[in-house]
Amino acid sequence: MDFRVPAEFAKNLEEYSRFLSQRLTPLMAGWYAERVIPRDFFAELAARGWLGFDAVDGGFREQPALQQAMLLEHLGTISPGVGVSVLVQISLGAKGVVLFGNEEQKSSLIPRAARGEILLCLGNSEPLAGSDVARLASRAEKVAGGWVLNGTKSYVTNGYISDMALITAVSHPDAPQNSRISMFLVDLSSEGVTRSKLHKEVWIPSDLTRIQMKNVFVPDGKLLGSPGRGLQQVLEIFSNSRITISALTLGTAEGAFRLGLDHAAKRHVFGKRVIDFQAKSFEAAELFSRIEAARAVLWKTCWEKDEGLDFRLGASVSKYLAVDLARAVGAWAADLFGAASVVFEHPVHKFPMDAWASSLGEGTQDVQKLIIYREMMKRHGLHPAG
Ligand SMILES: Cc1cc2nc3c(=O)[nH]c(=O)nc-3n(C[C@H](O)[C@H](O)[C@H](O)COP(=O)(O)OP(=O)(O)OC[C@H]3O[C@@H](n4cnc5c(N)ncnc54)[C@H](O)[C@@H]3O)c2cc1C
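Residues numbered from 1 in each chain as written. Predicted model: local features only at pLDDT ≥ 70, side-chain atom pairs only at ≥ 80, totals over all residues.

A. Quick look at the overall build of the chain. Counting its regular elements, the chain contains 11 helices and 12 strands. In summary, the chain has a C-alpha radius of gyration of 21 Å against a globular reference of 21 Å for 386 residues, a match within 12%. Taken over the C-alpha atoms alone, the chain extends approximately 80 × 50 × 45 Å along its principal axes. (Helix = DSSP H or I, 4+ residues; strand = E, 2+ residues; numbered from the N terminus. Rg over C-alpha atoms; globule rule 2.2 N^0.38 Å.)

Listed below in structure tokens is the structure:
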């Protein structure tokens, strides 16, 4: 296996880094204070090929997993909150249409999403259905020419700034559990849709929004994928986006690590630099090793995906390791800054908070262990319990 980063990816990453230092870093304090990401930012990324797709032969082609992971990891070192917003557009919104859209849906939505002209999000979680997706209560009732949706999606990243949401709802209530749910493309300006922004303290400045649907009419042409296959579809979208959220979370760890290490190499206590205490240097060495290991697993998983191999086990292992790591590094770096770290505006403050958020997106640590266990047992030719 060749671990050299392809030359074009490395060059692309350098340009990306330059762009972010001009178009993100100087504006970040304002975005964090306002808790908003300007829509123009998506179009600016898209114009340079950094919104998940390459323009090819008059159309758009999804970028390789490794390229997407490298870009998101880098963005995560600067702002995991901006990173998650970009991730949702690419990996939950556009990817859902790529995976399950019909030709008409793809041709009308993908070029606009790839150009950042329309923003897409995914509304699945509900008050009683998070990890246990099959417990959804939102209903889709068949009527002439379409469906009528009722229900509440409680936590939707980008729900406030998006134009359209991929929404799951029970369409076949009497069917067996794995064929009750369907997925719909809901125009968020439709009559009956209400959105309220939640006041959260993680992944700032992205929005986390509650979407309520009261008799929202969705035409037949906006059913996404197959009727009754919504559960399998949403789980497949999450399997894919686990790779990108692992990259974002690795970036979260790395951003915290760099800040912490730089500070420990400057700050003097008891007559020497903090990093010169063996306890601290050993902690740094251990965390550095874990960052290297997590990236190796992530890149292997990207390789599996780009080769068309089964990447589900790797995606869950990557997510599990990256979250565990980002939690440890975030707390380590914050500790090194002492009291200064608790101030909202301090650059290190966001990292432990954003590591916490990462643990929830695309499945908690327990859910990753559940998947790892099942896949691991299959690979050993054994049957998982339960
Ligand atoms: C910042 C943020 C952004 C989000 N963005 C989105 C979004 O864009 N779209 C969307 O649909 N949702 C989104 N979510 C929701 C997220 O997907 C859910 O929070 C997550 O799936 C967990 O569900 P829950 O919160 O209902 O917790 P629960 O599912 O109620 O879990 C509670 C506890 O039970 C544990 N648990 C669950 N299953 C098992 C098991 N089998 N064995 C052992 N323990 C278990 C969990 O690990 C957890 O500790 C977001 C959440 C946050 C915080």
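B. View of the site of the ligand. Looking at the ligand, there are 23 residues lining it, with Asn124, Gly130, Ser131, Thr364 and Asp366 nearest. Elements with a contribution of two residues or more to the shell around the ligand: strand S3 (120-123), strand S5 (146-157) and helix H11 (365-379). Residue composition of the shell around the ligand, grouped by class: 12 nonpolar, 9 polar and 2 charged. Structurally, the shell around the ligand is a two-domain feature, drawing no fewer than three residues from each of domain 2 (121-228) and domain 3 (232-379). (Near = placed C-beta within 6 Å. Nonpolar A, V, L, I, M, F, W, Y, C, P; charged D, E, K, R; others polar. Domains from an automatic or database assignment.)

C. Fine view of the nonpolar core. Within the largest apolar cluster, 99 residues are counted, with the highest numbers of intra-cluster contacts made by Ala69, Leu149, Ala165, Phe184, Val186, Val329 and Ala333. Counting residues per element, this core draws most heavily on helix H7 (residues 230-264), which supplies 14 residues. The residues contacting Ala69, other than those within four sequence positions of it, are Ile243, Thr244, Ala247, Leu298 and Cys302. (Core = buried A, V, L, I, M, F, W, Y, C linked by C-beta atoms within 7 Å. Buried ≥ 20, exposed ≤ 12 C-beta atoms within 10 Å, placed from the backbone. Contact = placed C-beta atoms within 7 Å.)

D. Quick look at the pairing of strand S9 (residues 208-219). Alignment of S5 against S9, held across 9 bridges, turns out to be antiparallel. When the sheet's bridge partners are listed, Trp147 is paired in S9 with Val218. Bridge count between strand S8 (residues 193-197) and S9: 5 bridges; the pairing is antiparallel. Pairing of Ser196 across the sheet is with Arg210, part of S9. (Pairing = 2+ DSSP bridges.)

E. Spatial organisation of the packing of helix H5 (residues 80-100) against helix H6 (residues 103-114). Here H5 crosses H6 at 160°, and the two axes come no closer than 9 Å. Judged by the inter-axis angle, H5 sits roughly antiparallel to H6. Considering only the axes of H5 and H6, their crossing is left-handed. Each of Gln89, Gly93, Ala94, Val97 and Val98 in H5 lies in contact with H6, whose residues at this interface are Gln105, Lys106, Leu109, Ile110, Ala113 and Ala114. (Axes fitted to C-alpha atoms, helices over the stretch in contact; angles between N-to-C directions. Parallel < 35°, antiparallel > 145°, perpendicular 65-115°, else oblique. Left-handed = near helix turned anticlockwise from the far one by under 90°.)

F. Structural detail: the environment of Leu336. Turning to its location among the elements, Leu336 is positioned in helix H9 (residues 312-336). Note on Leu336: 23 C-beta atoms within 10 Å, which makes it buried. Residues Leu336 and Lys280 lie 56 residues apart in sequence; the distance between their C-alpha atoms is 9.1 Å. The contact partners of Leu336, leaving out residues within four places of it in the chain, are Gly260, His263, Ala264 and Val274.

G. Structural detail: helix H8 (residues 278-306). In this model, H8 (29 residues) spans 42 Å end to end at C-alpha, consistent with the 42 Å of a helix rising 1.5 Å per residue. Residues of H8 that are buried: Lys280, Leu287, Ala294, Arg295, Leu298, Trp299, Thr301, Cys302 and Lys305. Structurally, H8 contributes buried residues whose contacts are with helix H4 (65-78), H7 and H9. Directly beyond the C-terminal end of H8, a positive phi value near 75° is found at Gly308. (Expected span 1.5 Å × (residues − 1).)

Any link to function would need more than the numbers given here.
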